[in-house]
Amino acid sequence: KGLADRFYQRAITFDSTLAVAHKKLGLLRRDQGDLQAARGYLNRASRHAPDDAESLFYLGLVQRALGEFEDARRTLERAAELNPLSPQVHFNLAGVYTRLGRRDEGRQAIRRSELLRKFDRGIGSEKPALSHRSTVSVAPTTARYNTALHLALRGEREAAEREFRHLLEVIPDHENAL
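Sequence positions are assigned chain by chain, starting from 1 and proceeding in written order. The predicted origin of the model limits local features to residues at a pLDDT of at least 70 and limits the giving and counting of side-chain atom pairs to 80 or more, whereas totals for whole chains, interfaces and linings rest on all residues. Only heavy atoms go into the side-chain values, all of them from the structure, while hydrogens and water stay out.

A. Region of interest: the overall build of the protein. In terms of helices and strands, the protein carries 9 helices and 0 strands. Helical segments are the DSSP runs of H or I of at least four residues, strand segments are the runs of E of at least two, and each set is numbered from the N terminus. Written out in order from the N terminus, the α and β elements of the protein read α-α-α-α-α-α-α-α-α. Relative accessible area decides the class of each residue, using a 1.4 Å probe on protein chains only: under 20% of the type maximum gives buried, over 50% gives exposed, and in between gives partly exposed. Taken over 178 residues, the protein has a buried fraction of 43%. Working definition of accessibility: Shrake-Rupley area with a 1.4 Å probe, residue cover restricted to the visible protein chains. On the protein, roughly 9800 Å² of surface is accessible, and the fraction owed to carbon and sulfur atoms is 51%.

Structure (structure tokens):
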């Protein structure tokens, strides 16, 4: 096993509640093809940091790969609650819904994923909101909201309204744009 593996194992011996170490070990095990071990580490990561959308996202992917579709659905739905701006979460949730025969929910999730991808590209972001080995980011929506707010403060009402409308297309219940 590699240096990173030993480092994270050692970190857990000092603090068994260190969620980031469990998450990193889970990703290492997943990359090594040991999905059972990956699930265990990612379960512990999400137990120690229940609001970590990234840990939940990866746990949901592992559960899906293991054929645990109902668990994957619950896990990915929670990740989507915590990070509603991630096209990857919604895309993977769509696949799980489809596997469970929930086609309408699958179509809704894929549509949301596509809208979020367009939204990311629309403001110049090349990086997805949640990708392999990245942290969760809501910067694209924050940037869109801040732009709209800045335009409104400068008195450019029509431009601000366009920005807010675009934000509401992607996230219909965005509290700051309502």
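B. Representation of helix H2 (residues 19-31) within the structure. Between its first and last C-alpha, H2 extends 18 Å over 13 residues, near the 18 Å set by a 1.5 Å rise per residue. In what follows, a contact means two residues having at least one pair of non-hydrogen atoms within 4.5 Å. Taken together, the buried residues of H2 touch helix H1 (3-14), helix H3 (35-48) and helix H4 (53-65). Multiplying 1.5 Å by the helix residue count minus one yields the expected span of that helix.

C. Layout of H1. End to end, H1 covers 17 Å across 12 residues, agreeing with the expected 16 Å (1.5 Å per residue, within 8%). Taken residue by residue, H1 has Asp 5, Tyr 8, Ala 11 and Ile 12 as its buried positions. End-on view of H1: buried residues confined to an arc of 130°, all on one side of the axis. Looking at H1, the residues exposed on the side facing more than 90 degrees away from the buried face are Leu 3, Phe 7, Arg 10, Thr 13 and Phe 14. Residues of H1 that are buried in the fold lie against H2 and H3. To be clear, the arc concerns the directions from the helix axis to the C-beta atoms.

D. Spatial organisation of the packing of H2 against H4. Fitted lines through C-alpha atoms give the axes, limited to the stretch in contact for helices. The angle between two N-to-C directions lies from 0 to 180 degrees. H4 packs onto H2 with a crossing angle of 30° between their chain directions and a minimal axis gap of 11 Å. Relative to H4, the element H2 is oriented roughly parallel. Between H2 and H4 lies a crossing whose hand is left-handed. In contact with Lys 23, Leu 27 and Arg 30 of H2, H4 contributes Glu 54, Ser 55, Tyr 58 and Val 62. Its residues assigned to classes, the contact of H2 with H4 shows 3 nonpolar, 1 polar and 3 charged. When describing relative orientation, an angle under 35 degrees is termed roughly parallel and one over 145 degrees roughly antiparallel, while 65 to 115 degrees is termed roughly perpendicular and anything else oblique. When the near helix sits turned anticlockwise from the far one by under a right angle, the crossing is termed left-handed; a clockwise turn instead gives a right-handed crossing. Put simply, Ala, Val, Leu, Ile, Met, Phe, Trp, Tyr, Cys and Pro go in the nonpolar bin, Asp, Glu, Lys and Arg in the charged bin, and everything else, Gly too, in the polar bin.

E. Geometry of the nonpolar core. In this structure, Leu 42, Phe 57, Tyr 58, Leu 76, Val 89 and Leu 93 are the most contacted members of the largest nonpolar core, which totals 19 residues. Looking at this core element by element, the count peaks at 6 residues for H4. Setting aside its immediate chain neighbours within four residues, Leu 93 contacts Arg 73, Leu 76, Glu 77, Ala 80 and Ala 109. Formed by 6 residues, the second largest nonpolar core is a distinct cluster that contains Tyr 8, Ile 12, Ala 21 and Tyr 41. Only buried Ala, Val, Leu, Ile, Met, Phe, Trp, Tyr and Cys residues count toward a nonpolar core, and they belong to the same one when joined by side-chain atoms within 4.5 Å.

F. Spatial organisation of the pattern of salt bridges. Think of a salt bridge as a Lys or Arg side-chain nitrogen and an Asp or Glu carboxyl oxygen that are within 4 Å of each other. Using the criterion set out here, one finds 13 salt bridges in the structure. In this structure, Arg 78 engages Asp 51 in a salt bridge whose closest nitrogen and oxygen atoms are separated by 2.6 Å. On the criterion of sequence distance, the pair formed by Arg 78 in helix H5 (residues 69-82) and Asp 51 in the loop between H3 and H4 is long-range, its members being 27 residues apart. Taking the shortest distance from any N to any O, the salt bridge between Glu 105 and Arg 102 comes out at 2.5 Å. With a relative accessible area of 28%, Glu 105 lands in the partly exposed category. Through salt bridges that share partners, Glu 70, Asp 71, Arg 73, Arg 74 and Glu 77 make up one connected network.

G. Focus on the environment of Leu 116. Along the chain, Leu 116 turns up in helix H7 (residues 103-122). Spatially, the C-alpha atoms of Leu 116 and Leu 85 are 6.5 Å apart, while their sequence positions differ by 31 residues.

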